Amino acid sequence: MFTGIVEELGEVVRITKTAGDSALVAVRGPLVTSDARHGDSIAVNGVCLTVVDVSDGTFTADVMGETLRRSALGALRAGDPVNLERAAALGSRLGGHLVQGHVDGVGEVIAREPAAQWETVRFRLPAALARYVVEKGSITVDGVSLTVSGVGPDWFAVGLIPTTLKLTTLGARGVGDPVNLEVDVLAKYVERLLGARLADPAVPDAGPPGLPVAGLPGVATTGGAA
């Protein structure tokens, strides 16, 4: 689990094709590798990768073909900058939001509007993800936790402060560039649970186990207004 707060702007050292359509990716990141060990998780542009080896500030990770196809990692080349974040530790501050490192789809930069102190960037997103994105909600773009400032049928916009523009890859993304998108996982769970109730009327409308809805202050149990 991650928070979407980028710790370091790393660099792709090399990408080596392996068996089938997979690859071994080497990424330079002195900060994130300072305490990294085999088996640790590091998010690379928002994709959770498992560390295979660490040496001289560089770590390697195996990337499956499916990950290369379903994320923007397949477009990376040696020398490209990447956003890096180590897995969150229990008890640490949650500066962004809960990020799994499981990319839901690939978006595209469609517009940039510079302002005095920040920049508004608009992204196109897959139609299947649009229902999970709401104004003032959270979304992860290339591993960066961002607050949605505007939404449309197939796009969303965010405001980027100078620190984000300087310390992440988003400052250099141009119109047409692909980006990894991860929507808020809570929205997907809510949709799943509500879908089960709609599909099966027998599913009870109740609170968590041991917490009966009836009798709670301000809660109507007959379908009327409280």
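Note: the structure precedes this text.
Residues numbered from 1 in each chain as written. Predicted model: local features only at pLDDT ≥ 70, side-chain atom pairs only at ≥ 80, totals over all residues. Heavy atoms only, no water.

**Looking at the overall build of the chain**
Here comes step 1: Helix and strand content of the chain: 3 helices and 12 strands.
Here comes step 2: With 226 residues in all, the chain has 36% of them scored as buried.
Here comes step 3: A separation threshold of at least 6 residues defines the contact pool for the chain, and within that pool the share at least 24 residues apart is 68%.
Here comes step 4: A total of about 12600 Å² of accessible surface is found on the chain, and carbon and sulfur atoms cover 57% of it. (Helix = DSSP H or I, 4+ residues; strand = E, 2+ residues; numbered from the N terminus. Buried < 20%, exposed > 50% of the residue type's maximum accessible area, 1.4 Å probe, protein only. Contact = heavy atoms within 4.5 Å. Areas by Shrake-Rupley, 256 points an atom, 1.4 Å probe, with all protein chains shown as cover.)

**Some remarks on the nonpolar core**
Here comes step 1: In this structure, Phe-123, Val-133, Val-141, Leu-146, Phe-156 and Val-158 are the most contacted members of the largest nonpolar core, which totals 20 residues.
Here comes step 2: Secondary-structure elements contributing two or more residues to this core are strand E8 (119-124), strand E9 (138-141), strand E10 (144-151), strand E11 (155-160) and strand E12 (178-183).
Here comes step 3: With near-sequence residues (within four places) excluded, Val-158 lies in contact with Glu-119, Thr-120, Val-121, Phe-123, Leu-146, Thr-147, Val-148 and Ser-149.
Here comes step 4: Counting 19 residues, the second-largest nonpolar core is a separate cluster that includes Val-47, Phe-59, Val-63 and Leu-73. (Core = buried A, V, L, I, M, F, W, Y, C linked by side-chain atoms within 4.5 Å.)

**Points about the pairing of E11**
Here comes step 1: Of the strand pairs in this sheet, E8 and E11 are connected by 6 bridges, and their pairing is antiparallel. Residue pairing across strands places Glu-119 opposite Leu-160, the latter belonging to E11.
Here comes step 2: Count of turn residues in the E10/E11 antiparallel hairpin: 3 residues. (Pairing = 2+ DSSP bridges.)

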